Amino acid sequence: MKTFDVVALGELLIDFTENGTSVQGNPVYEANPGGAPCNVLSMLNKAGKKTAFIGKVGQDIFGKRLKAVLEEIGINTSNLIMDKDVRTTLAFVETFADGDRDFSFYRNPGADMMLREEELHEDLLRDTQIFHFGTLSMTHEEVRGATKKAIRIAKESGALISFDPNLREPLWKSLDEAKEQVAYGLSQCDILKISDNEIQWFTGEQDFDAGIRKLKSAYDIPLIMLSMGKDGSRAYYKDLRVEAAPFLQKNTIETTGAGDTFGGCCLYHVLKYGLENLDEEKLMEMLTFANAAASIITTRKGALRVMPEVSEVQRLMK
């Protein structure tokens, strides 16, 4: 038995999200703790799973706050490093009328980019059932090396590898470089969560099924989850293709963290059932639960601190 259900590596940052207007007519921004890998872990913690995070923040007011939030939630921070020289990464989020958003990153450099191979706690990576990562820890050479070493150690220790490309175009020197690193992630993972726009971008196919077929022919990925926003989600497993309807909310305010919530719920079900014997019924249960949880998050500012309880998700499903 492993100590941890899921260990994730990547970015931990502050999402500054719009929250009204000042008396002078200026936008007011709320400092929400964020970062896709930790959002995934936060959802898993709410579902009773044991998690740990590997990453780096600045030894500044934001970094100290982020560490305190993870500890408050119950995410293990033994390999969260405080960098005394480089500041915590910040992201300003502009929300559009339909709930979609755009990001402006302050990361030149940001502390999350500074994680190095020798700083990894290898015992954490050997003691987890699932290792999860994205591509923000692959935008620069040094942190990319740390990510690849972490994947290698986790794989050698028998962990399942979970990957979410989570493409953020402004953080890459070029989309060709981004595509190269996404391809690496696809070549390593057992579980893939990918969004509708990412599958179209990576494969060049507008039809999602055609894009998935292209992925499956190039990479041996046992389980692929496709998130389609307001159109729901799909799972592709062996010869199965299962689609679940969305839970549309009248009071959606933003979509930040919805994909991470969805991904965390899918990992929760992989932990529940294993990866070997999934069937149509289990995949539908997974997608329906994940869609419901993601819809709840769209009604809240931020994600990391406000993940829904399992009971709340189940009430919405009913």
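Higher on the page you've got the structure.
What you see is a predicted model, and the numbers here were worked out from it, not measured in a lab.

A. Highlighting the sheet that holds strand β9 (residues 160–164). Read across the sheet, nine strands follow the order β5-β4-β1-β8-β9-β10-β11-β12-β13 without closing on themselves; strand pairing throughout is mixed. Two strands close off the open sheet at either side, each with one partner strand: β5 (76–83) and β13 (240–244). Direction aside, the axes of adjacent strands within the sheet are offset by 15° on average. The pairing of strand β1 (residues 4–9) with strand β4 (residues 51–58) spans four bridges and is parallel. Bridge pairing in β4 links leucine 9 to isoleucine 54.

B. Representation of the packing of helix α8 (residues 258–273) against helix α9 (residues 280–297) within the structure. Following both chains from N to C, one finds α8 and α9 inclined at 150°, their axes separated by 8 Å at the closest point. Accordingly, the angle class assigned to the pair α8 and α9 is roughly antiparallel. You can see that α8 and α9 cross each other, and the crossing is right-handed. Contacts between α8 and α9 involve Ala258, Thr261, Phe262, Cys265, Cys266, Tyr268, His269, Lys272 and Tyr273 from the first element and Lys282, Glu285, Met286, Leu287, Phe289, Ala290, Asn291, Ala293, Ala294 and Ile297 from the second. Considering only residue class, the contact of α8 with α9 consists of 13 nonpolar, three polar and three charged.

C. Molecular detail of unusual backbone geometry. With an omega dihedral of -5°, the bond running from asparagine 108 to proline 109 counts as a cis peptide bond. In this structure, proline 109 sits in the loop between β7 (101–106) and α3 (122–126). Unusually for a residue other than glycine, asparagine 166 sits at a positive phi of about 45°. Residue placement: asparagine 166 occurs in the loop between β9 and α5 (175–188). Even without glycine at this site, lysine 238 takes up a positive phi of about 55°. By secondary structure assignment, the location of lysine 238 is in the loop between β12 (233–237) and β13.

D. A look at the nonpolar core. Judged by nonpolar contacts, the single largest core of 52 residues is most densely connected at Leu12, Leu44, Phe53, Leu70, Leu223 and Leu283. Broken down by element, this core gets its largest block of residues, 10 residues, from α9. The contact partners of leucine 223, leaving out residues within four places of it in the chain, are Asp190, Ile191, Leu192, Tyr236, Tyr237, Val270, Leu275, Leu278 and Leu283. Of all hydrophobic cores here, the second largest spans 41 residues; its members include Leu120, Phe163, Phe202 and Leu226.

E. Structural detail: helix α4 (residues 141–156). The terminal C-alpha atoms of α4, which comprises 16 residues, lie 23 Å apart, in line with the 22 Å expected from a rise of 1.5 Å per residue. Among all positions of α4, only Val143, Arg144, Gly145, Ala146, Thr147, Lys149, Ala150, Ile151, Ile153 and Ala154 are buried. At its buried positions, α4 is contacted by β1, α3, β8 (128–134), β9 and α5. Looking one or two places after α4, you find glycine 158, whose phi comes out positive at around 90°.

F. Focus on helix α6 (residues 196–203). All of the buried residues in α6 are Glu198, Ile199, Phe202 and Thr203. When α6 is viewed along its axis, its buried side chains cluster within an angular range of 105° and face the same direction. Considering only its buried residues, α6 is in contact with β9, α5, β10 (191–195), α7 (208–218) and β11 (223–227). Phi turns positive, to about 75°, at glycine 204, one or two residues after α6.

Calculation criteria
- Residues numbered from 1 in each chain as written.
- Predicted model: local features only at pLDDT ≥ 70, side-chain atom pairs only at ≥ 80, totals over all residues.
- Heavy atoms only, no water.
- Pairing = 2+ DSSP bridges.
- Helix = DSSP H or I, 4+ residues; strand = E, 2+ residues; numbered from the N terminus.
- Axes fitted to C-alpha atoms, helices over the stretch in contact; angles between N-to-C directions.
- Parallel < 35°, antiparallel > 145°, perpendicular 65-115°, else oblique.
- Left-handed = near helix turned anticlockwise from the far one by under 90°.
- Contact = heavy atoms within 4.5 Å.
- Nonpolar A, V, L, I, M, F, W, Y, C, P; charged D, E, K, R; others polar.
- Core = buried A, V, L, I, M, F, W, Y, C linked by side-chain atoms within 4.5 Å.
- Buried < 20%, exposed > 50% of the residue type's maximum accessible area, 1.4 Å probe, protein only.
- Expected span 1.5 Å × (residues − 1).
- Arc of directions from axis to C-beta.

Treat this as a map of the structure, not an account of what it does.
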